[in-house]
Protein chains: 2
Amino acid sequence: MKSPADLLLLPQWVVPVDPVGTLTDHAVVVQDGRILEVLPADAAQARYAAGQTLALPGHALIPGLVNLHGHAAMSLLRGFADDLPLMTWLNERIWPAEKKHVSDAFVRDGTLLAAAEMLSGGVTTCNDMYFFPQAAGEAFLQAGMRATLGMIVLEFPSAYASDADDYLAKGLALRDDLKEEPLLTFAFAPHAPYTISDATFGRINTLTEQLGLPIHTHIHETADEIRDSLKQYGVRPLERLARLGLLGPNFIGVHAVHVNEAEIDLLAEHGCHVAHCSSSNLKLASGLAPVVELMRAGVNIGLGTDGAASNNRLDLVSEMRMTALLAKGVSGDAAALPAATVLKMATLDAARALNLDDRIGSITPGKRADLVAVDLRGLVCQPVFDPVSHLVYVAGREHVTHVWVDGKLKLNDRRLVDLDSDDLTARATYWRSKLTQQG
Amino acid sequence: MKSPADLLLLPQWVVPVDPVGTLTDHAVVVQDGRILEVLPADAAQARYAAGQTLALPGHALIPGLVNLHGHAAMSLLRGFADDLPLMTWLNERIWPAEKKHVSDAFVRDGTLLAAAEMLSGGVTTCNDMYFFPQAAGEAFLQAGMRATLGMIVLEFPSAYASDADDYLAKGLALRDDLKEEPLLTFAFAPHAPYTISDATFGRINTLTEQLGLPIHTHIHETADEIRDSLKQYGVRPLERLARLGLLGPNFIGVHAVHVNEAEIDLLAEHGCHVAHCSSSNLKLASGLAPVVELMRAGVNIGLGTDGAASNNRLDLVSEMRMTALLAKGVSGDAAALPAATVLKMATLDAARALNLDDRIGSITPGKRADLVAVDLRGLVCQPVFDPVSHLVYVAGREHVTHVWVDGKLKLNDRRLVDLDSDDLTARATYWRSKLTQQG
């Protein structure tokens with residue numbers, strides 16, 4: 001008598017991430033949105049009567065990718081301002097555009113577009129930080145994508161909120177509203193040490209302890225912000241956060257480009273996590289993050305795309321390649337950050353940073369079925385010696401064919417299941433014309 | 001009365017590279033394999049009676065990409081050895097495999113696979129260096145791809161040749177054989193200063209002057225080769241080549257990672273060209289080439305993929321993005337290497353290095369019709385503010401839909417016209433099984 005299952009996947013290779021390694025001719029069994037079992041294909045077909053069986057010849061099945069830092073709605077600003085020095089980019093292009101255009105509708109449309117892009121490229125979870133997170137949350141739910149919504153906080157007013165208290169109140173209300181949604185989780189997202197006062201950090205620290213949520217903040221992205229902090233506070237930003245008691249295993253520092261040895265140790269000692277955004281750091285000329293040193297010290301590192309205004313792809317597949325190559329070039333060690341390590345950073349390690357590693361990040365029985373099939377049969381992938389190496393160094397996001405979130409099919413043979421590409425393109429075109437209008 | 005034309009292309013944007021800029025709603029007219037005229041679409045349709053008219057809505061038409069450094073046949077070693085220190089990689093993996101397996105048949109199959117990959121990704125010309133260049137030449141001709149064949153020279157024996165004289169004799173015979181082929185040109189390809197004696201460099205220098213051909217050689221890729229040269233010759237490799245009289249406007253130095261200010265000036269003064277291979281330099285941990293400084297000094301720089309054992313993609317679209325981002329990160333200037341500059345490096349500047357800029361490298365009337373259409377309508381490309389920025393920072397090679405070489409269609413709606421993907425995959429699989437056989 002066979003056991004029932006919703007879905008039986010039969011890829012050529014399963015790369016579970018946990019445990020490490022590649023399984024050939026194995027099946028992944030999904031039931032009620034969960035991974036039920038990973039076992040040899042023959043045994044699986046003998047043991048299970050599945051509602052659906054999908055053969056995936058020449059495909060590798062990997063855990064859904066976890067984007068540890070994004071501003072999803074900024075997809076509408078993709079390529080809006082390139083090849084500019086950072087302060088010109090921010091002051092003359094990005095901030096004025098945001099001030100004029102960012103609204104509930106902008107964030108909903110931009111987040112939908114970003115979710116469509118991410119799902120198509122195998123990203124099933126996003127750690128997001130932007131204005132109007134309620135609109136973002138609704139968009140992620142519509143897309144059926146997993147997200148950690150940042151309860152964003154800044155001191156200065158925006159179309160979304162008037163001051164830090166208002167941001168915090170709105171963030172907490174959002175969480176009250178959406179906290180029963182199984183795909184959504186929440187983080188405090190104080191924007192950065194240079195936009196947040198000590199008093200506000202203090203409030204956030206108290207709330208974090210009460211609610212047990214992650215803190216998601218930009219940190220040591222540029223040399224300038226460190227100079228400014230030394231001038232204003234007499235200490236570097238990380239030291240300031242340490243003194244305020246913010247560093248701990250719930251702290252996700254984004255970028256950490258300019259960190260000295262003592263700061264690397266500080267992050268490691270407190271069990272902090274780093275969201276590494278290699279493309280964005282290069283494009284904005286922020287610098288080269290010491291990824292190898294951070295990892296050697298024991299800091300847990302996930303990968304982030306950052307927003308589409310500074311990357312301009314929400315593409316963790318190319319981010320894996322960029323991270324692996326850059327770490328080798330910067331460290332001078334061609335053996336640094338091997339493919340399997342980078343794949344773990346883009347999945348399980350990022351999930352761990354979000355405190356979601358009991359739920360996602362690997363193809364492990366009991367976890368939610370966030371799964372991605374990558375077709376390695378294309379000519380550009382030939383020959384295949386090692387599928388894990390190919391996932392990082394050869395494949396592109398265009399080789400992703402199927403994506404499941406929580407066991408639900410989101411990308412079917414490269415086509416989005418729930419989202420209408422024509423409609424999303426029309427929305428993007430609408431916002432482009434608004435953004436390029438004179439006056 | 002309308003004028004005849006073979007082909008009328010109607011993309012949304014034409015990016016000619018020369019002149020600089022983007023033309024909207026223009027047509028490119030092709031006749032007898034040449035670009036006849038670039039003019040407004042309306043005027044073109046009124047003036048020409050074309051054998052074929054192709055509307056390319058939402059596409060950008062760009063010049064064919066020129067890969068300034070490759071070892072095409074190494075496509076068969078794609079992912080064969082990753083994440084290893086350079087000397088382990090070479091001594092324990094690549095060289096033994098080459099010694100055992102590289103043959104006429106290996107090079108033909110590998111070059112065909114590489115040509116298929118490059119054409120699919122918009123690369124229409126390749127500056128190649130490998131053993132058995134005759135087999136490579138025949139493969140490029142079969143693929144209908146433009147190539148500069150390197151007449152490779154080494155001092156040590158291989159399956160291909162026994163000593164430097166033999167390499168040279170075979171190279172010159174190859175040139176005699178194929179020099180009437182319009183798609184093929186030739187370069188002397190002494191492998192590197194550490195594998196070539198002064199005497200052989202001297203012979204090559206004489207031959208180069210007689211025949212007016214480029215010299216294509218690896219130079220200053222690693223710090224080690226410089227140390228070794230100081231020990232053996234008392235000077236750094238570039239200084240040695242300068243003394244031997246090899247530097248000049250026909251000199252293409254590959255990599256140039258470790259070049260000091262004086263060497264940058266030396267390259268500039270002699271009108272030398274550099275083939276910059278960002279991904280390969282990172283992956284082998286060779287270092288970070290001073291691209292911005294080289295360019296500022298006036299050195300002409302093209303982009304190269306290097307071989308698939310060290311990249312592992314023969315993909316100039318991602319190489320453009322990597323080069324632009326890396327230059328910003330390394331120079332600390334987010335305005336360094338803007339998109340249009342990088343596109344020029346991957347086309348006209350590389351053509352110039354090969355002394356082919358009178359023939360290819362830009363969409364300029366009179367030049368050969370090496371053309372590439374890139375579809376920017378996909379969701380991941382939305383919205384489009386500037387197609388040139390999108391070509392570099394957003395698009396992937398998978399967005400290339402049509403490719404012409406010498407006016408002949410090579411890729412039609414993402415399908416290779418002349419090459420059989422299944423057959424190439426079977427050949428790659430055959431060589432993989434040979435390469436992974438024990439003993």
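What comes next concerns the included structure. (Residues numbered from 1 in each chain as written. Chains lettered and ligands numbered in written order. Predicted model: local features only at pLDDT ≥ 70, side-chain atom pairs only at ≥ 80, totals over all residues. Heavy atoms only, no water.)

### Observations concerning the overall build of chain A
From N to C terminus, chain A includes 15 helices and 17 strands. Whereas a compact globule of 439 residues would reach a radius of gyration of roughly 22 Å, chain A reaches 21 Å, a difference of no more than 12%. When the backbone C-alpha atoms are referred to their principal axes, chain A occupies close to 70 × 45 × 45 Å. Counting only residues that meet the buried cut, chain A has 64% of its 439 residues in that class. Accessible surface, chain A: about 14,700 Å² in total, of which carbon and sulfur atoms supply 50%. The centroid of the 37 positive side-chain charges in chain A is displaced by 2 Å from the centroid of its 52 negative side-chain charges. (Helix = DSSP H or I, 4+ residues; strand = E, 2+ residues; numbered from the N terminus. Rg over C-alpha atoms; globule rule 2.2 N^0.38 Å. Buried < 20%, exposed > 50% of the residue type's maximum accessible area, 1.4 Å probe, protein only. Areas by Shrake-Rupley, 256 points an atom, 1.4 Å probe, with all protein chains shown as cover. Lys, Arg positive; Asp, Glu negative; His and termini not counted. Charge placed at Lys NZ, Arg CZ, Asp CG, Glu CD.)

### Let's talk about the packing of aromatic side chains
Using the criterion set out here, one finds 12 aromatic pairs over all chains in the structure. Considering the side-chain rings of Phe 385 of chain A and Phe 80 of chain B, the 5.2 Å spacing of their centres and the 65° angle between planes classify their relative orientation as edge-to-face. You can see Phe 385 of chain A sitting in the loop between strand 14 (371–375) and helix 14 (387–393) and its partner Phe 80 of chain B sitting in the loop between strand 6 (65–70) and helix 2 (86–101), one on each of two chains. Neither residue differs from the other here; Phe 385 of chain A and Phe 80 of chain B are each classed as buried. Ring geometry for Phe 132 of chain B against Tyr 160 of chain B: centres 5.2 Å apart, planes inclined by 55°, an arrangement best described as tilted. (Phe/Tyr/Trp six-rings, centres within 6.5 Å; stacked < 30°, edge-to-face > 60°.)

### With respect to the environment of Asp 32 of chain A
Here Asp 32 of chain A lies in the loop between strand 3 (26–31) and strand 4 (34–40). In this structure, Asp 32 of chain A is in contact with Asp 6 and Arg 368 of chain A, ignoring residues within four places of it in sequence. (Contact = heavy atoms within 4.5 Å.)

### Notes on the pattern of salt bridges
Counted under the stated rule, the structure contains 48 salt bridges over all chains. With a closest N to O distance of 2.8 Å, Asp 406 of chain A and Arg 368 of chain A form a salt bridge. Remark: Arg 368 of chain A occurs in the loop between helix 13 (339–353) and strand 14 and Asp 406 of chain A occurs in the loop between strand 15 (400–405) and strand 16 (408–412); sequence separation between them is 38 residues. For Asp 406 of chain A, a relative accessible area of 13% corresponds to the buried category. According to the relative accessible area criterion, Arg 368 of chain A is partly exposed, its value standing at 22%. Among the ionic pairs, Asp 370 of chain B bridges to Arg 146 of chain B, the shortest N-O distance being 2.7 Å. Taken together, the residues Asp 370 of chain B in the loop between helix 13 (339–353) and strand 14 (371–375) and Arg 146 of chain B in strand 8 (residues 146–153) connect sequence positions 224 residues apart. Looking at Arg 146 of chain B, the relative accessible area reads 4%, which means it is buried. Look at the salt bridges and you will find they share partners, linking Arg 78, Glu 117, Arg 313, Asp 315 and Arg 397 of chain A into a network. (Salt bridge = Lys/Arg side-chain N within 4 Å of Asp/Glu carboxyl O.)

### Description of the layout of surface pockets
Estimated volume of the largest pocket: approximately 1,500 Å³. Broken down by secondary-structure element, the contributors of at least two residues to the lining of the largest pocket are strand 17 (415–416) and helix 15 (421–436) of chain A together with strand 17 (415–416) and helix 15 (421–436) of chain B. The residue makeup of the lining of the largest pocket, split by class, is 11 nonpolar, 11 polar and 15 charged. (1 Å grid on protein atoms, 1.4 Å probe; cavity = no way out; pocket = protein on both sides within 12 Å on 5 of 7 lines; lining within 4 Å. Points joined across faces, edges and corners; volume = space filled by probe spheres on them. Nonpolar A, V, L, I, M, F, W, Y, C, P; charged D, E, K, R; others polar.)

### Quick look at empty space enclosed by the protein
A complete count under the given rule lists nine cavities of 30 Å³ or more for this structure. Empty space within the largest cavity amounts to approximately 220 Å³. In terms of lining, the largest cavity is formed by 21 residues, of which the most central are Arg 313, Ser 318 and Arg 321 of chain A together with Arg 313 and Ser 318 of chain B. Counting only elements with at least two residues in the lining of the largest cavity, the list comes to helix 12 (316–331) of chain A together with helix 12 (316–331) of chain B. Taken together, the residues that form the lining of the largest cavity break down as seven nonpolar, four polar and 10 charged.

### Here's the deal with the packing of helix 3 (residues 104–120) of chain A against helix 4 (residues 133–143) of chain A
All names here are of chain A. Where helix 3 meets helix 4, the axes come as close as 8 Å, and the angle between the chain directions of the two elements is 35°. For the element pair helix 3 and helix 4, the recorded crossing hand is right-handed. Residues Asp 104, Val 107, Arg 108, Thr 111, Leu 112, Ala 115, Met 118 and Leu 119 of helix 3 form the contact with helix 4, whose own contacting residues are Ala 135, Ala 136, Glu 138, Ala 139, Phe 140, Gln 142 and Ala 143. Here the residues of the contact of helix 3 with helix 4 are counted per class, giving 10 nonpolar, two polar and three charged. (Axes fitted to C-alpha atoms, helices over the stretch in contact; angles between N-to-C directions. Left-handed = near helix turned anticlockwise from the far one by under 90°.)

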